[in-house]
Amino acid sequence: MSAANENARLETFCDGIFAIAITLLVLEIKVPPHETVHSVNDLWVALSRLWPSLFAWCLSFIIILLTWLTHHRIFNSINRSSLHFMYANGVFMFIVTLFPFASAIVAEYFSTNYAQPAVAVYSACNLLLSLSLRLLLISCARPVSLAKDEQHARTLVAMRFGQKISTPVSIAAIILSFWFPHIAFCIITLFWGYVVLRTFWLQKQFGK
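Residues numbered from 1 in each chain as written. Predicted model: local features only at pLDDT ≥ 70, side-chain atom pairs only at ≥ 80, totals over all residues. Heavy atoms only, no water.

(A) Structural detail: the overall build of the protein chain. Assigned secondary structure in the protein chain consists of nine helices and zero strands. Across its three principal axes, the protein chain shows a C-alpha extent of roughly 65 × 35 × 35 Å. The burial tally for the protein chain puts 40% of its 208 residues in the buried class. For the protein chain, the proportion of contacts with a sequence separation of at least 24, taken over those separated by at least 6, is 79%. Per element, the accessible surface of the protein chain, about 12,000 Å² overall, is 69% carbon and sulfur. Distance from the positive charge centre (14 side chains) to the negative charge centre (9 side chains) of the protein chain: 15 Å. (Helix = DSSP H or I, 4+ residues; strand = E, 2+ residues; numbered from the N terminus. Buried < 20%, exposed > 50% of the residue type's maximum accessible area, 1.4 Å probe, protein only. Contact = heavy atoms within 4.5 Å. Areas by Shrake-Rupley, 256 points an atom, 1.4 Å probe, with all protein chains shown as cover. Lys, Arg positive; Asp, Glu negative; His and termini not counted. Charge placed at Lys NZ, Arg CZ, Asp CG, Glu CD.)

Laid out in structure tokens, this is it:
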């Protein structure tokens, strides 16, 4: 099997994991049971109580989508593989699969008095995602470079530099969640909103 085919097979495997993880998110949005609804107003009230689930689903969907885009960009920049890269990629995929669990905890407890552990777990998943992505990017350069050429090598370095902000943001959110969980969750949300805007800005400025 050629290196190109090896990467294609690995990327297809990862795309399947992303698809499953992003689909599992919606399973936490439960339809209000019919026996608890006795009027149209009851249904509206029941639906309004789903907002933590809907918000957690939306944010986690965006996170996994942006993560997939970054992962796709990495594979577009390399044409070889290595044992270090495959193990690092496995760790990265492992963290991605944690998000449906973290999203379910936030959906269940965000609007209760037990929001602190839920937000701490969600913030910790963001930290692990950042660290695992950095590990994956490092494995593209060490012990041997997997980049297609010098230009793609510089792209991978730039992507690794861009990860530096996500780690301190996630650490700050974890610490803050012990006292102000809702503010910590807002920080995580605003950070990913910034990532979305930055993605469009980079596309407009550099076509990347």
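(B) Region of the structure containing the side chain of Glu11. Within the fold, Glu11 resides in helix H1 (residues 3–24). Buried within the structure, Glu11 lacks any salt-bridge partner; Lys148 is the closest side chain of opposite charge, at an N-O distance of 8.8 Å. Apart from the residues lying within four places of it in its own chain, the contact partners of Glu11 are His72 and Phe75. (Salt bridge = Lys/Arg side-chain N within 4 Å of Asp/Glu carboxyl O.)

(C) Fine view of the environment of Leu54. In this structure, Leu54 sits in helix H3 (residues 51–77). On the basis of relative accessibility, which here comes to 38%, the residue Leu54 falls in the partly exposed class. Taking the C-alpha atoms as reference, Leu54 lies 9.9 Å from Lys30; in sequence the two are 24 residues apart.

(D) Representation of the nonpolar core. In this structure, Ile74, Phe85, Phe92, Tyr122, Leu129, Leu156 and Trp192 are the most contacted members of the largest nonpolar core, which totals 49 residues. Mapped onto this core, the elements with two or more residues apiece are H1, H3, helix H4 (83–96), helix H5 (99–109), helix H6 (115–139), helix H7 (150–162), helix H8 (166–177) and helix H9 (181–206). Among the elements that make up this core, the one with the highest residue count is H6 (eight residues). Discounting residues that sit within four places of it in the chain, Tyr122 has contacts with Ala56, Leu59, Ser60, Ile63, Phe99, Ala102, Ser103, Val106, Phe185 and Ile188. (Core = buried A, V, L, I, M, F, W, Y, C linked by side-chain atoms within 4.5 Å.)

(E) Main features of the layout of surface pockets. Looking at the second largest pocket, its volume works out to about 210 Å³. Around the second largest pocket sit Glu28, Lys30, Arg49, Leu50, Pro52, Ser53, Ala104, Ala107, Glu108, Ser111 and Thr112, which together line it. Among the secondary structure elements, those contributing two or more residues to the lining of the second largest pocket are H3 and H5. The element best represented in the lining of the second largest pocket is H5, accounting for three residues. Classifying every residue of the lining of the second largest pocket gives four nonpolar, three polar and four charged. (1 Å grid on protein atoms, 1.4 Å probe; cavity = no way out; pocket = protein on both sides within 12 Å on 5 of 7 lines; lining within 4 Å. Points joined across faces, edges and corners; volume = space filled by probe spheres on them. Nonpolar A, V, L, I, M, F, W, Y, C, P; charged D, E, K, R; others polar.)

(F) Examining the packing of H3 against H6 more closely. Running from N to C, H3 and H6 cross one another at 5°; their axes reach a closest spacing of 12 Å. As the angle between them shows, H3 and H6 are arranged roughly parallel. Here Ala56, Leu59, Ser60, Ile63, Thr67, Thr70, His71 and Ile74 of H3 come into contact with H6, specifically with Tyr122, Asn126, Leu129, Leu133, Leu136 and Leu137. Looking at side-chain class alone, the contact of H3 with H6 contains nine nonpolar, five polar and no charged residues. (Axes fitted to C-alpha atoms, helices over the stretch in contact; angles between N-to-C directions. Parallel < 35°, antiparallel > 145°, perpendicular 65-115°, else oblique.)

(G) Molecular detail of the environment of Leu50. With respect to the secondary-structure elements, Leu50 resides in the loop between helix H2 (40–48) and H3. Measuring from C-alpha to C-alpha, the distance between Leu50 and Asn79 comes to 45 Å, with 29 residues separating the pair along the chain. When sequence neighbours within four positions are dropped, the list of residues in contact with Leu50 reads Lys30 and Pro32.

(H) Representation of the packing of aromatic side chains in the model. Inspection of the entire model under this criterion finds 10 aromatic pairs. Ring centres 5.6 Å apart and planes at 65° place the aromatic pair Phe75 and Phe85 in the edge-to-face group. Separated by 10 residues along the polypeptide, Phe75 in helix H3 and Phe85 in helix H4 bring together distant segments of the chain. By the burial criterion, Phe75 is buried, and Phe85 matches it. Taking the centre distance of 5.1 Å and the plane angle of 50° together, the rings of Phe110 and Phe185 count as tilted. Of the two residues, Phe110 is situated in the loop between H5 and H6 and Phe185 in helix H9; the sequence distance between them amounts to 75 residues. Residue classification places Phe110 among the buried residues on the basis of a relative accessible area of 9%. An aromatic cluster of at least three residues, connected via ring pairs, comprises Trp51, Phe55, Phe99, Phe110, Tyr122 and Phe185. (Phe/Tyr/Trp six-rings, centres within 6.5 Å; stacked < 30°, edge-to-face > 60°.)

Spatial relationships are all this shows, so hold off on functional conclusions.
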